[in-house]
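Summary of structural features
Letter by letter, the chains look like this.
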Amino acid sequence: MVPPLPSPRPHPLNPMHHQLRLHGPRRQLPPRRRRISRHGPLPRRDPRLHSSLRRRLRQHRNPLRSMAWVLDPVAVSASEFRMRACLGLLELRPTVIRGNASEILGLAGAQRIQSSKGADSSHESLDAMDAAKSLALKTGAIVAVSGAVDFITDGSRAVGAHNGVPMMQKITATGCTVTALIAAFVAVVPSNAFEAAACALSIFGLAGELGMDMARGPASLRMHMIDSLYSLNEETVISRVRIASL
Ligand SMILES: Nc1ncnc2c1ncn2[C@@H]1O[C@H](COP(=O)(O)OP(=O)(O)O)[C@@H](O)[C@H]1O
Ligand SMILES: Cc1ncsc1CCOP(=O)(O)O
């Protein structure tokens, strides 16, 4: 017989656990070094959910205040609900914000962009340079914009990470994956999130390049990219990573 699954642990940022967290017995979350907040498929819910959640997070033991974390505003322009949720999360001061150009343009302007294609970008990454810089200055976060050329800015400096292959765009959740990698890198050097994000983006792009040598399409690229990431060594990274000032 299959044993029952353990109940998922409530977390204040997970809308699915919202009721549990707000109305169930309170308990201290264990300290964590990093966490990613993504807006994946959000359930249709009362719009008051997020304001109430934000208020609670501001008032009580907000674990995100004391840790490095990465915000990925997936498809922020696709609905008012997503936009409001992401703007609320900005108040919790993410260490890094990673999005494609359309997501960063929408979030920086606090307004849904009309050309939104949901989770995909309708802009080139460098179109979002000014928006990314102003978002970085406004929030204090490092802003990373992905695309053909990934760039990373703290509001004054900007560097480009030039690794990657166009086929990566054809794989759903490539952006999600690189956000997770950024969180892993930032967890190692939280005091230098700028460099950590740049390295994560270029190394991920490099894994895509190496994977592409063996791939026959997006499905096999996904597999080979993960295998390449797993077997990367220092020599390959040093010789092939392309990071340059913009
Ligand atoms: N045209 C491209 N050329 C090279 N690499 C790309 C290209 N598009 C995306 N990538 C790679 O895919 C990663 C994910 O970027 P992107 O597709 O913009 O994310 P999202 O899934 O959020 O739209 C980037 O960090 C980059 O390495
Ligand atoms: C539609 C959607 N909803 C949650 S993840 C996802 C797609 C992946 O987003 P990205 O391409 O930014 O990784």
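Heads up: the structure comes first, above all this text.
Just so you know, these numbers come straight off a predicted model, no measurement behind them.

1. Comments concerning the state of the cysteines
Applying the stated criterion across every chain yields a total of zero disulfides. Left unpaired, Cys86 is separated from the closest cysteine sulfur, that of Cys176, by 13 Å.

2. As for helix H3 (residues 80-90)
Counting buried positions along H3 yields eight of 11 residues, so the element is predominantly enclosed. Those residues of H3 that sit buried are Phe81, Arg82, Met83, Ala85, Cys86, Gly88, Leu89 and Leu90.

3. Looking at helix H4 (residues 101-109)
The buried fraction of H4 is high, at seven of nine residues. Taken together, the buried positions of H4 are occupied by Ala101, Ser102, Glu103, Ile104, Gly106, Leu107 and Ala108. Elements that come into contact with the buried residues of H4 comprise strand E2 (68-72), H3, strand E3 (96-100), helix H5 (129-139) and strand E4 (142-146). Between the side-chain oxygen of the N-cap and the backbone nitrogen of Ser102 there are 3.2 Å, and the N-cap of H4 in question is Asn100. Positive phi shows up at Ala110, right after H4, with a value of about 50 degrees.

4. Some remarks on the pairing of E4
Counting buried positions over the five residues of E4 gives five, a clear majority of the element. Of the two faces of E4, the one carrying Ile142, Ala144 and Ser146 and the one carrying Val143 and Val145 are both buried. Of the pairings in the sheet, the one linking E3 to E4 comprises five bridges and is parallel in character. When the bridges of E4 are listed, Val96 appears paired with Ile142. Bridge analysis of E4 against strand E5 (residues 150-153) gives three bridges, and the strand direction is antiparallel. Paired with Ala144 across the two strands is Ile152, which belongs to E5.

5. A word on the site of ligand 1
Lining the immediate environment of ligand 1, one finds 17 residues, of which Arg98, Asn100, Ser146, Asp150 and Gly175 sit closest. Asp150 has a polar side-chain atom sitting 3.0 Å from an oxygen atom of ligand 1. The backbone of Gly175 places a nitrogen or oxygen atom 3.2 Å from an oxygen atom of ligand 1. Taking 550 Å² as the accessible area of ligand 1 by itself, protein coverage stands at 90%. Breaking the shell around ligand 1 down by element, the ones donating at least two residues are E3, helix H6 (174-188) and helix H7 (193-212). Here the shell around ligand 1 is composed, by residue class, of six nonpolar, nine polar and two charged.

6. Details of the packing of H7 against helix H8 (residues 218-231)
Two quantities define a packed helix pair, namely the angle between the axes and the distance from one axis to the other. Put simply, H7 and H8 touch, their axes get as near as 7 Å, and they point 120 degrees apart. Here H7 is positioned oblique relative to H8, judged by the angle of their axes. Considering how the two elements wind past one another, H7 and H8 form a crossing that is right-handed. Mapping the contact onto sequence places Ile203, Phe204, Ala207, Gly208, Leu210, Gly211 and Met212 in H7 and Leu221, His224, Met225, Ser228 and Leu229 in H8. For the contact of H7 with H8, the per-class residue count stands at eight nonpolar, four polar and no charged.

Thresholds, definitions, all that
Counting restarts for each chain: residues are numbered from 1 in the order of the written sequence. Chains and ligands are labelled sequentially in the order written, the chains with letters from A and the ligands with numbers from 1. Thresholds applied to this predicted model are a pLDDT of at least 70 for local features of residues and 80 or more for the giving and counting of side-chain atom pairs; totals over whole chains, interfaces and linings are not thresholded and use all residues. The side-chain numbers reported here are obtained from all heavy atoms of the structure, hydrogens and water having been left aside. Two cysteine sulfurs form what is called a disulfide whenever their separation falls within 2.5 Å. When a residue's accessible area, from a 1.4 Å probe over protein chains only, is under 20% of the maximum for its type it is buried; when over 50% it is exposed; and in between it is partly exposed. The way it works is that DSSP assigns letters per residue, a run of H or I at least four long becomes a helix, a run of E at least two long becomes a strand, and they are numbered from the N terminus. Residues count as neighbours in contact if any of their non-hydrogen atoms are within 4.5 Å of one another. Under the rule applied, a polar contact is a pair of N or O atoms within 3.5 Å (in protein, one hydrogen donor and one hydrogen acceptor; residues adjacent in sequence only if both atoms are side-chain atoms). A strand pair is defined by DSSP finding two or more bridges across the two strands. Each residue is tested against the molecule or strand, and it is near if at least one of its non-hydrogen atoms lies within 4 Å. Surface accessibility follows the Shrake-Rupley procedure with a 1.4 Å probe radius. Residue values consider only the protein chains on display as shielding. Ten residue types, Ala, Val, Leu, Ile, Met, Phe, Trp, Tyr, Cys and Pro, are classed as nonpolar, four, Asp, Glu, Lys and Arg, as charged, and the remainder, Gly among them, as polar. For helices, the fitted line uses only the C-alpha atoms of the stretch in contact; every axis is such a line through C-alpha atoms, and the angle between N-to-C directions lies from 0 to 180 degrees. In this scheme, roughly parallel covers angles under 35 degrees and roughly antiparallel covers those over 145, while 65 to 115 is roughly perpendicular and the rest are oblique. Note on convention: near helix rotated counterclockwise from far helix by under a right angle means a left-handed crossing. Clockwise means right-handed.

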